[in-house]
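Commentary on secondary and tertiary structure
One letter stands for each residue in the lines below.
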Amino acid sequence: MTETMAADAPFAVSVRGVNMVFDGVHAVRDATFDLEKGRFLTILGPSGSGKTTLLRMIAGFGRPTSGEVFINGLAVGSVPPHKRSIGMVFQKLALFPHMTAAENVAFPLKMRRFDARSIPDRVQRYLDLVKLGKLGDRRIHELSGGQQQRVAIARALVFEPDLLLLDEPLAALDRKLREEMQLEFRRIQRELDVTTINVTHDQREALVVSDEIIVMDHGRIQQKARPEATYRQPKNAFVANFIGVTNFIEGAVASIDGEKIVFDRPGFAGRVGNGFRPAAGAAARGALRAEQIRIGSGREALGDVDTIFDGTVTDAIFEGERVVYEVSVKDLGETPLRVFDHDPVTHNQHDIGSSVALGWNVKDVLVFGD
Amino acid sequence: MRPSRTSYPLSWRLMDALEAIAAAVWPRSFSAAVPWLMLLPAVVLVGLLVLGLWDMADGSFRTLDTATFLPSDDYSLTNYHRAFTEKLFFTVASRSLIGSLIVTAVTLIFAFPYSYVMVRTRSTVLRKFLLIALFLPFFIGQVVRAYGWLIILGSQGMVNEALGLVGVSPIRLLYNYPAVLFGLVQYMLPFAVLMLAPALTAIPEEMESAAGSLGANWVRTFIHVVLPLAKPGFIGAGLVVMTLSLTDFAIPAILGGGSQDFIANAIYDQFFRTSDQGMGATLALLLVAVGSIMVGVVFALFGAGTLAIGRSK
Ligand SMILES: Nc1ncnc2c1ncn2[C@@H]1O[C@H](COP(=O)(O)OP(=O)(O)OP(=O)(O)O)[C@@H](O)[C@H]1O
Ligand SMILES: [Mg+2]
């Protein structure tokens, strides 16, 4: 019973073949995806990849050049923003400086003609929710950056919109506050169970807060998947490179053995990534994450791995909880490999210039054609 | 080989010479005084104005001796008494005051959409067109423009001729109060637009998008967000329009045809027709006082708007 309900219930948001062209600039290309109710989706991509443009079209600012956006199953192409039930937190917050924090939060209630008697209580409830209960009478410029973020969130949520849109509202905060606010978003989103689309170019934020991640590049959706899948099964080299620290080893295909692709570099092989099935001789690149490489002063120190190469440490950066090495491996091309060493027990530092052995497993090398 | 002559161009040599002269006339050790020296011309100008005012204050207490046509030697408040009691002055003063208020209100209403479109339009062509249309009147000058209105609105002007074609007998469009106010609004519009535009530019467009996503249609966005945020611009523009139209001379003179005098026209008459310099000075000082009070009241009520000066806090 519930299953048929779920299947019949329309998606909170459906985007179908949406394009946006600004005189010559193709900002969003053929975007198509669905988002279920109550989910937290993050759109992740480099600067200029079309994230804001896509979000603004969902909010109703700027009509798609082609394609259609559906909210709760209804096409909203001709519905202006103020008639959509969408709360949006803008990149620069856009709080009203001539109002107090509480007035800012009350504003959407007044605009949406909520019963005047119910407004003060409701405003207070949402100020409490974002932990600003006592600061309602402050003017915006009397609040700290993090407090302003909270006002913006309360203002976007107070009228219980069907959809919450966040356009990198945390980008301007320092790292500690940003991480705190990310968890705060997650808590509020769970508490209210509101469908949320968040835009960011911070991959960590995307992994931490999201149910699902869309990776965009050059206006195109590269992959939509759960955070773990985005990380472990990137669909192409772009996604692999954008999320996490990834080494790319360039080469040509020597032979293919089922899922295993053997390179023309002796001893180096990988696993088919995203159905890439090249002919022998085709150019290919193996993607290998920095944390999937083990490092040791000799081969015997590496333990159970099926691929081993010798190299020389060219750089070692102490980052606290880990050491980042750059290791030049003669047999794998010019670019040194980046290796994370999380070894809080032995504190074995490898000095710059020392010879080391690197080891990993073939199944962790994803092979792409592009 | 000789180095190329352009490696040290003539203009640089000239600059060197000028700098050498400057250094001789104005030793480097005086350089701390330079900023103050640059302020000097402005200080002198304002100082002269104050001197003039002082002179007029002196004159305002002397009555005209009708026998000799010279100001009296003794001081009295007669001129001030006349200014406050004679009906003519009351009529002129209230006409100017009410006129300037009406002109201010109407001008601001017209100027707002103009600057809004100018600031917000995505079309650079339209923006350039609006800017040029704004500056064109400045090149023409006030008197010429007023004469232009005579040509258009006169009893044999274009409007009346057009009306004649459809069988309407000529209407008196000029030499009345509305004509003067109309001329003033038209004259003030560019000033108001120029004062409003920076205030509107300072409102982030995202502010309006935010209001939209929060449920405000454009009317309510305008009332609750744009208008309050543009307040400094309205105050600045309002003050400039109000003071300029309160003290205007040419438009009441030309479009009013002598029947619609403003304070400045009355002052002119006292100085150059009746030759009653004392009375002219009195009216002038009263005008300064009224203008200052109006500005003061606006400052006190709303703050100084875009005219506020000093480092922002
Ligand atoms: N109004 C516009 N007119 C013309 N081009 C635009 C407009 N808005 C965006 N673009 C272009 O569209 C592309 C995508 O812009 P968008 O703002 O969506 O990027 P973004 O992914 O949000 O980037 P960022 O992370 O820097 O915010 C960019 O190349 C941008 O220059
Ligand atoms: Mg953006």
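Rules and cut-offs
Residues numbered from 1 in each chain as written. Chains lettered and ligands numbered in written order. Predicted model: local features only at pLDDT ≥ 70, side-chain atom pairs only at ≥ 80, totals over all residues. Heavy atoms only, no water. Contact = heavy atoms within 4.5 Å. Buried area = accessible area lost by both parts, 1.4 Å probe. Salt bridge = Lys/Arg side-chain N within 4 Å of Asp/Glu carboxyl O. Polar contact = N/O pair within 3.5 Å; in protein donor to acceptor, adjacent residues only side chain to side chain. Helix = DSSP H or I, 4+ residues; strand = E, 2+ residues; numbered from the N terminus. Nonpolar A, V, L, I, M, F, W, Y, C, P; charged D, E, K, R; others polar. Pairing = 2+ DSSP bridges. Axes fitted to C-alpha atoms, helices over the stretch in contact; angles between N-to-C directions. Buried < 20%, exposed > 50% of the residue type's maximum accessible area, 1.4 Å probe, protein only.

1. Focus: the interface of chain B and chain A
The parts lose accessible area when they come together, and the size of an interface is often stated as this lost area. Counting residues at the interface gives 16 residues for chain B and 24 residues for chain A. Interface area for chain B against chain A, summed over the two sides, is near 1,700 Å², with a carbon-plus-sulfur share of 66%. Taken together, the connections running from chain B to chain A amount to zero salt bridges. Counting the contacts that link chain B with chain A gives six residue pairs in polar contact (both at pLDDT 80 or more). Within the residue set of the side of chain B that touches chain A, elements represented by two or more residues are helix 9 (205-213) and helix 10 (218-229) of chain B. By residue number, the principal contributor to the side of chain B that touches chain A is helix 9 of chain B, which donates seven residues. Of the residues assigned to the side of chain B that touches chain A, the class counts are eight nonpolar, six polar and two charged.

2. Considerations on the sheet that holds strand 9 (residues 212-217) of chain A
Residue and element names in this part refer to chain A. Strands sit in the order 6-7-8-3-9-10 across an open sheet of six strands; the sheet is mixed. Edge strands, defined here as strands with exactly one partner in the open sheet, are strand 6 (86-89) and strand 10 (220-225). Between one strand axis and the next, the sheet turns by 15° as a mean value, whatever way the strands run. Pairing between strand 3 (residues 40-44) and strand 9: four bridges, direction parallel. Looking across to strand 9, one finds that Thr42 is bridged to Ile213.

3. A word on the pattern of salt bridges
Enumeration over the complete set of coordinates arrives at 25 salt bridges over all chains. As a salt-bridge pair, A:Arg175 and A:Glu179 come within 3.0 Å of each other at their nearest N and O atoms. Residue A:Arg175 and its partner A:Glu179 are both found in helix 6 (residues 175-192); the two are separated by four residues, about one turn of the helix. Here A:Glu179 falls in the partly exposed class, since its relative accessible area comes to 22%. B:Asp58 is the salt-bridge partner of B:Arg62, the closest N and O atoms lying 3.1 Å from each other.

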